Amino acid sequence: MNAPTSTAELVAEEDLPHLTRVPRRHLGRWASAVVVLAVVVFIIVSFARGNIDWPTVGQYLTDSTILHGLVSTVVMTFLAMFVGITIGVISAVMRLSENPVLRTISLGYVWLFRGIPQLLQLYIWYNLALVFPTFGIPGLAETQTTQLMTPLVASVLGLGLCQGAYTSEVVRAGILSVDPGQIEAGQGIGMTRSLVLRRIILPQAMRVILPPIGNEFISMVKLTSLASAIQFTEILHSAQNIYFVSGKVMELLFVATFWYIVVVSVLSVGQHFIEKRFSRGHGSRRPAAARVQEETA
Amino acid sequence: MMPLVKAVGVEKRFGDFQALRGIDAEVHEGEVVCILGPSGSGKSTFLRCINQLEGIDGGALWVEGQLVGYRRSGNNLHQLSDKEIARQRRSIGMVFQRFNLFEHMSVLDNIIEGPVRVLKGSRAEAVKTAEELLARVGLAGKAGSYPSELSGGQQQRVAIARALAMKPTLMLFDEPTSALDPELVGEVLNVMRSLAETGMTMVVVTHEIGFAREVADRVIFMDGGQVVEEGTPQAVFTSPQHKRTRDFLSAVL
């Protein structure tokens, strides 16, 4: 401890009632906030003054083609994530099964679908007719694969199956995070393995699974733009259709950007509430996070 | 009378380690048996074999006259399916060292989970039983709490109530007070003592010599995966016949 340099710094016990306590001033916070604000204003002003026709952006924000694309983007996000999460959970459970056949299938699935670039997977599904010209039971119920593999179906399969491979790993990590004692307790009251899985393991794994799934959900909103490559008219494809005609490239891309950010913001709020719901019984979790924040502040 | 639990030459290996080297034991209906022994003696492993949390590698176990883990068909013993094992476990209550309450469920939901989901009983009935059990373990007001909001002693009492909700014929306790702060041990032992007074058949792996001396009808002392000595608490604690028992008792008393 540094010794006080003058008598003004010495504190005697009897002085205490006459002294005023001044809270620590966070000068660094104020200074950095001002700098950040200045940078943000600079960027906004630059964009506003740039060679971009903002009235066109405003005009196309609610254009029917754009709104139709927006709906397709949202619908595709939910469909692909539904397929992805369903297959991911099944695959994760298979991976942790005692059955070596199931384990191997899961391992192979994750290996293959994580290994092929997403855009390529979309092309393969869309062009599946090259490998399987017809689909169904020969002679009974058969259709042309080209009729079945619409851009919508190919996109759902392509995006969903690839997502499933990633989600499988997330769910597996979640399941492994559950204390083995919980499983024994479930078995102890006579639960079968499948009941333990549904009632005990998965609900508790959700707490660990949800944050990364929310992350992947948001990632999927933007990943759907890949489907424009196989003629699925999501919002980016809609924007492209317009700017191919009008030539207002950047303007239409800003329109798409605006809607992506809106959708992602709404999903982020939803994620917050779902996570809260599944962290029941973990009251200590928030205070711990708050403590870390205080310490790093 | 046929014993409720009968073990003949039970063996268990973990890799190269032989945890149980031929355990012979019997527990009769209404009896309280305490299993004592140094750590690593196999006492918890033996307890876990009784409700098949561990499979056995040799010998045989009967609970309520039923062979544990196998079904006889002619001259063959067929290994039971997961479903059949779960069914055998229903009448055996288990209390763990680390409580293992379902963390995502309230105290009430912990207790009614088995009766509702496993026994497929009515929810209203299960809630009524749960409230009676909570009152019995001294936690009448805690039905809505989550396990993380309770002390260790309270959690363990809920765990006992959860096991009792299945109306078991046998209760197994695996070091139920070892993870508790010293001042919380008493409340759990009190609940166990009153349970013993109702005539419940209990097998208790414990280090609580005082509890064993007071409540147990019989004490089994294990060491090195074998039963070294057994008898009334009076006999085992005051005049142990084996040197290993004497050494253990002089270390813990």
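Residues numbered from 1 in each chain as written. Chains lettered and ligands numbered in written order. Predicted model: local features only at pLDDT ≥ 70, side-chain atom pairs only at ≥ 80, totals over all residues. Heavy atoms only, no water.

Attention now goes to the nonpolar core. Core analysis: the largest hydrophobic core is formed by 88 residues, its most contacted members being A:Ile66, B:Phe46, B:Ile50, B:Leu61, B:Leu170 and B:Leu172. If you tally residues by element for this core, the top one is helix α9 (residues 193–223) of chain A, at 12 residues. Once residues within four sequence positions are removed from consideration, A:Ile66 is found in contact with A:Tyr60, A:Leu61, A:Ile235, A:Ser238, A:Ala239, A:Ile242, A:Leu252, A:Val255 and A:Trp259. Judged by nonpolar contacts, the second largest core, of 52 residues, contains B:Ala143, B:Ile160, B:Phe173 and B:Val185. (Core = buried A, V, L, I, M, F, W, Y, C linked by side-chain atoms within 4.5 Å. Buried < 20%, exposed > 50% of the residue type's maximum accessible area, 1.4 Å probe, protein only. Helix = DSSP H or I, 4+ residues; strand = E, 2+ residues; numbered from the N terminus. Contact = heavy atoms within 4.5 Å.)

By the secondary structure assignment, A:Thr192 is in the loop between α8 (180–188) and α9. The exposure class assigned to A:Thr192 is buried, which follows from its relative accessible area of 19%. Dropping the residues within four chain positions of it, A:Thr192 is found in contact with B:Asp82, B:Lys83 and B:Ala86.

What follows is about the confidence of the model for chain A. Of all residues in chain A, 92% attain a pLDDT of 70 or more, and the chain-wide mean is 90. For the stretch residues 284–288 of chain A, pLDDT sits under 50, and the model shows three contacts to residues farther than four places along the chain or on other chains. (pLDDT = per-residue confidence, 0-100.)

Right, let's talk about the packing of aromatic side chains for a bit. Residues and elements named next belong to chain A. Under the defined criterion, the tally for this structure stands at seven aromatic pairs over all chains. Judged by centre distance (5.0 Å) and plane angle (45°), the ring pair of tyrosine 109 and phenylalanine 113 falls under tilted. Pair noted here: tyrosine 109 and phenylalanine 113 are both in helix α4 (residues 100–115), with a separation of four residues, about one helical turn. With respect to class, tyrosine 109 is no different from phenylalanine 113; both count as buried. Seen from their ring centres, tyrosine 243 and phenylalanine 244 are 5.3 Å apart, and the 75° between their planes marks the pair as edge-to-face. Classification of tyrosine 243 by relative accessible area gives buried; the value is 14%. (Phe/Tyr/Trp six-rings, centres within 6.5 Å; stacked < 30°, edge-to-face > 60°.)

Moving on, we get to the pattern of salt bridges. Applying the stated criterion to the full structure yields 17 salt bridges over all chains. Close ionic contact of A:Glu98 with A:Arg193 constitutes a salt bridge, the shortest N to O distance being 3.6 Å. Within this pair, whereas A:Glu98 is found in the loop between α3 (64–95) and α4, its partner A:Arg193 is found in helix α9, the two being separated by 95 residues in sequence. The class of A:Arg193 is partly exposed, set by a relative accessible area of 40%. A salt bridge links B:Glu11 to B:Arg13, with the shortest nitrogen-to-oxygen separation between them at 3.9 Å. Owing to a relative accessible area of 29%, B:Glu11 belongs among the partly exposed residues under this scheme. Through salt bridges with shared partners, a single network forms among A:Arg95, A:Glu169 and A:Arg172. (Salt bridge = Lys/Arg side-chain N within 4 Å of Asp/Glu carboxyl O.)

Residue and element names in this part refer to chain B. When strand β1 (residues 5–14) meets strand β2 (residues 17–27), the two strands line up antiparallel, connected through eight bridges. When the bridges of β2 are listed, glutamate 11 appears paired with arginine 21. Taken together, β1 and the strand that follows it, β2, pair antiparallel across an intervening segment of two residues, in which glycine 15 is found at a positive phi of about 60°. Note: β1 against strand β4 (residues 58–63), five bridges, orientation antiparallel. Residue pairing for β4: glutamate 11 is matched across the bridge by glycine 58. (Pairing = 2+ DSSP bridges.)

The next subject is the interface of chain B and chain A. In this assembly, 24 residues from chain B lie in contact with 22 residues from chain A. A buried area of about 2,100 Å², summed over both sides, lies between chain B and chain A, and 54% of it is on carbon and sulfur atoms. Summed over the three residues of chain B that lose the most area to chain A, namely B:Phe102, B:Glu103 and B:His104, the buried surface amounts to 27% of that side. Linking chain B with chain A are two salt bridges, by the criterion used here. (Buried area = accessible area lost by both parts, 1.4 Å probe.)

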